Amino acid sequence: MTFSQATRQASLTKLANTTQDLLIIGGGITGAGVAIQAAASGITTALIEMQDFAEGTSSRSTKLVHGGIRYLKTFDVGVVSDTVKERAVVQGIAPHIPRPFPMLMPIYAEPQATFDLFSVKIAMNLYDQLAGVEATQYANYTINAKEVLQREPRLRADNLQGGGVYLDYVNNDARLVIENIKEAAELGATIASHVKALSILHDDRGQAIGVHAKDELTGTEFDIHAKLVINTTGPWVDQLRASDDQLKATPLLRPTKGVHLVIDASKLSVPQPTYFDSGLHDGRMIFVVPREGKTYFGTTDTDYTGDYAHPTVTQADVDYLLKVLNYRYPTAGVTLADIEASWVGLRPLIASNGSSDYNGGGANTGKVSDASFTALIKTVDAYEDNQATRADVEAAISKLQTAHAEETLAPSQVSRGSQLDVEDDGLLTLAGGKITDYRKMAAGAMAVIRAALEAQGITVKDVDSKKLQVSGGHFDPTNVEETLAFYTRIAQDAGVPEEDAKDLANRFGSNTGRVVTYADGGAAPGLSLKETISLRYSVAEEMTLTPVDYLLRRTNAMLFHAHDLPALRQPVLTEMARLLGWDTATQGTMAAQLDATIAETQLANLKEAHHD
């Protein structure tokens, strides 16, 4: 299937000349999740995105499908249960993307520590129970301080009590978005990037019937008509609502900014994702994650009011993360000069959730009620004295009542921390949430969409979205390693060296066979065969329109292979110019955009200011 600059114009013509059943505004993970389910249900579906797919929040996460274990401190069983169950679903529908990678949580005896060794074991046992991984290779375990330091000898030893190890998953956020988008297009959705919704169109009764839009590449403005319109614009949700002249919209969101920094593993190497309290007694926990020969760490969590399209990393962000990292790893001595890349994103948090914490919203603000906490302690004491069973402890945990946290989902919520609203003019708004919940959020929205369209006499097929696999994910999720080894061999048979072939299979999954068809004609000047076919496929079948799309979002080269960029830069520009027919002026524009983005990810301005 071609999904490219060449098909984009046909899509725009179709959008301008036909009425859609559903128009989705926003091509991050939320919109992509709605698009695949809507297209699979047989309704005519359109999606527009004002930037590249996943260019906003959905390519700027911590790149984990994180289970939210910290919310078991306040026994927020609901939020963790939702998250770990949904994580398993995402692994089933996109088996080539999330990968299990157990997390180490060092436990320190410090004031306001999230866990001690006793509470972390109770939390991990409950977590495994919720995730259904008890008595498997992924079951949790605790290790003593000496064993923690054997794994990570550079961790601070003072006050280290031991650690917990439990299942977590690494993720490729931008790839998850594009694979949902591609599958939606394959299922018949009409999709275009770089199309901005300027205002909402209404009928004589004041009901939303589409948008007035602008093609950001040509400046052309046109109308798109639809029976239903859904706003899935992430941090821009309130801005789109404000452009609807039929609404008196009060803001839904309180966005916060999260920053991640990347250093080479030679500067600080960790064997597995590691998660600890900041040590600054500010209630934050920080991730340190190994990836592709690098180590990245984050995240900050600060309220944000600046330019949504262009959040930036400040010196204060860097100072905070370096302070935490160098405190926990006292011999690391990481400085600004060591940072090879960075990324910064906005979290579209629901303001009424009452907490800026990104991984569960207001759900974690509650405290366990005194009565149920006392009952739990009594049961644990009895268990320690062999007077109660583990099942008794688990039962006591499951009966815990929080004094203030959300006991149940509010009617407008489709997952914790997210919200679905039907505005007065019929515009749907799906806001908040996090990457792990995207499928569930979309399924909640589809229930409303189905009812609204069926009321208009449109048939909507029932789809089991838990089994709706994304592009590249069409294989048995219980047999991932063997399947990817098979796709690795396919790439090797096309002449790609083994390590490169493995990389392609991991990136493209069941599409690897399509990718290797682009090997005809051999490698492009200055590029390996792997890079050549990855780029050609990406341009022809992943709507890759700029070098930044390719080097930052279709691949992670800009984040985790900064040292390769000088060699990749010109060959990628040259091959894309050939494939997309750029004139000299366009080539110059693309080169300047690429150089500016590289400088920004590498914090060139902060490093320059540091030297002045």
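In this numbering scheme, every chain counts its residues from 1 along its sequence in written order. This being a predicted model, a pLDDT of at least 70 is required before a residue's local features are given, and a value of 80 or more before pairs of side-chain atoms are given or counted; all residues contribute to the totals for chains, interfaces and linings. Heavy atoms throughout the structure, all of them, feed into the side-chain values; hydrogens and water do not.

Novice: Describe the packing of aromatic side chains, naming the residues involved and giving the relevant values.
Specialist: Classification of ring pairs uses Phe, Tyr and Trp, with its six-membered ring standing for Trp, and accepts pairs whose centres are within 6.5 Å; under 30 degrees between planes counts as stacked, over 60 as edge-to-face, and the remaining range as tilted. If you walk through the whole model with that rule in mind, you get 13 aromatic pairs. Look at W343 and F560: their rings are 5.9 Å apart centre to centre, the planes differ by 85°, and that puts the pair in the edge-to-face class. One end of the pair, W343, is in strand 18 (residues 341–347); the other, F560, is in helix 17 (residues 557–560), with 217 residues separating them in the sequence. Aromatic rings pair up to connect W236, Y304 and Y308 into one cluster. One residue, K63, lies across the ring of W343, its end atom 4.8 Å from the ring centre. Here, a charge over a ring means that NZ of Lys or CZ of Arg falls within 6 Å of the ring centre while also lying within 35 degrees of the ring normal. Its guanidinium or amino end placed over the ring of Y108, R328 lies 4.2 Å from that ring's centre, counting from NZ or CZ. We count a stretch as a helix when DSSP gives it H or I for four or more residues in a row; a strand needs E for two or more, and each element gets its number in order from the N terminus.

Novice: Hey, could you go over the packing of helix 15 (residues 529–541) against helix 18 (residues 565–580) for me, with residue numbers and the actual values?
Specialist: Running from amino to carboxyl end, helix 15 crosses helix 18 at an angle of 40°, the nearest separation of the two axes being 11 Å. Classed by the angle they form, the pair helix 15 and helix 18 counts as oblique. Classified by chirality, the crossing of helix 18 by helix 15 is right-handed. Facing E531, L535, R536 and V539 of helix 15, the residues of helix 18 in contact are L568, V572, E575, M576, R578, L579 and L580. Among the residues making up the contact of helix 15 with helix 18, the classes are represented as seven nonpolar, no polar and four charged. Fitted lines through C-alpha atoms give the axes, limited to the stretch in contact for helices. The angle between two N-to-C directions lies from 0 to 180 degrees. Small angles under 35 degrees read as roughly parallel and large ones over 145 as roughly antiparallel, with 65 to 115 read as roughly perpendicular and the rest as oblique. In this scheme, a crossing is called left-handed if the near helix is turned counterclockwise away from the far one by less than a right angle; it is called right-handed if the turn is clockwise. Contact criterion: two residues are considered in contact whenever any of their non-hydrogen atoms come within 4.5 Å of each other. Three categories are distinguished: nonpolar for Ala, Val, Leu, Ile, Met, Phe, Trp, Tyr, Cys and Pro, charged for Asp, Glu, Lys and Arg, and polar for the others, with Gly belonging to the last.

Novice: Break down the packing of helix 16 (residues 547–554) against helix 19 (residues 584–601) for me, citing the residues and quoting the values.
Specialist: The contact between helix 16 and helix 19 brings their axes to 9 Å, and the two run at 30°. Taken together, the axes of helix 16 and helix 19 are roughly parallel relative to one another. Two secondary-structure elements touch here, helix 16 through P547, V548, L551 and L552 and helix 19 through M590, Q593, L594 and T597. Here the contact of helix 16 with helix 19 is built from residues that sort into six nonpolar, two polar and no charged.

Novice: Lay out the pairing of strand 16 (residues 294–298) in plain terms, naming residues and giving numbers.
Specialist: Of all the five residues making up strand 16, five are buried; the element is thus mostly covered by neighbouring parts of the structure. The side-chain alternation of strand 16 yields two buried faces, one formed by K294, Y296 and G298 and the other by T295 and F297. What makes two strands pair is DSSP finding at least two bridges between them. The sheet contact formed by strand 15 (residues 285–291) and strand 16 spans five bridges and is antiparallel. Directly across from V289, in strand 16, lies its bridge partner Y296. Taking the residues that link successive antiparallel strands as the turn, the strand 15-strand 16 hairpin has two residues, and the phi of E292 there is positive, at about 50°. Only protein chains enter the calculation, and the probe is 1.4 Å; a residue is then buried if its accessible area is under 20% of its type maximum, exposed if over 50%, and partly exposed in between.

Novice: Give me the sheet that holds strand 8 (residues 169–170): which residues, what numbers.
Specialist: Ordered in space as 3-8-4, the three strands form an open sheet in which the pairing is antiparallel. A single partner strand is all that each edge strand has here, and the edge strands are strand 3 (64–65) and strand 4 (99–100). With two bridges joining them, strand 3 and strand 8 adopt antiparallel strand pairing. Note that in strand 8 the partner of V65 across the bridge is Y169.

Novice: Residues and numbers for the nonpolar core, please.
Specialist: To define a nonpolar core, start from buried Ala, Val, Leu, Ile, Met, Phe, Trp, Tyr and Cys residues and group those joined through side-chain atoms within 4.5 Å. Membership of the largest hydrophobic core comes to 51 residues, with the highest contact counts inside it found for I69, V80, M105, Y166, Y275, L551 and V572. Looking at this core, the element that brings in the most residues is helix 18, giving seven residues. With near-sequence residues (within four places) excluded, Y275 lies in contact with H66, I69, R70, M103, L104, M105, P106, Y166, M285, I286 and F287.

Novice: Talk me through the environment of A265; I want residue IDs and the actual numbers.
Specialist: Mapped onto the secondary structure, A265 falls in the loop between strand 13 (256–264) and strand 14 (274–277). Spatially, the C-alpha atom of A265 lies 34 Å from that of T305, the residues being 40 residues apart in sequence. In contact with A265, other than residues within four places in its own chain, are G293, K294 and T295.

Novice: Just give me the short version of helix 15, but keep the residues and values in it.
Specialist: In an α-helix there are 3.6 residues to a turn, and that puts residues three or four apart on one side. Expected helix span is given by 1.5 Å per residue-to-residue step, counting one fewer step than there are residues. An ideal rise of 1.5 Å per residue puts 18 Å on 13 residues; helix 15 measures up with 18 Å between its terminal C-alpha atoms. Of all 13 residues in helix 15, 13 are buried, a share of seventy percent or more. Once helix 15 finishes, M543 follows within two positions and takes phi at roughly 50°, a positive value.

Novice: Run through the pattern of salt bridges, naming residues and quoting values.
Specialist: By definition, a salt bridge exists where a carboxyl oxygen of Asp or Glu is found within 4 Å of a side-chain nitrogen of Lys or Arg. On inspection of all chains with the given rule, the structure shows 37 salt bridges. A salt bridge links K227 to D21; the shortest N-O distance between them is 3.5 Å. With K227 in strand 12 (residues 221–231) and D21 in strand 1 (residues 19–25), the pair connects residues that are 206 residues apart, well separated along the chain. Taking the shortest distance from any N to any O, the salt bridge between E541 and R514 comes out at 2.3 Å. Separated by 27 residues along the polypeptide, E541 in helix 15 and R514 in helix 14 (residues 512–516) bring together distant segments of the chain. The exposure class assigned to R514 is partly exposed, which follows from its relative accessible area of 35%. When salt bridges with common partners are traced through the structure, they connect D52, E55, D549, R553 and R554 into a single cluster.

Novice: Which residues make up the environment of R154, and what are the values?
Specialist: Residue placement: R154 occurs in the loop between helix 5 (145–151) and strand 7 (160–166). Taking the relative accessible area as the measure of exposure, R154 reaches 29% and is therefore partly exposed. Once you skip the residues sitting within four places of it in the chain, R154 turns out to touch K267, L268, R328, Y329, P330, T331 and A332.

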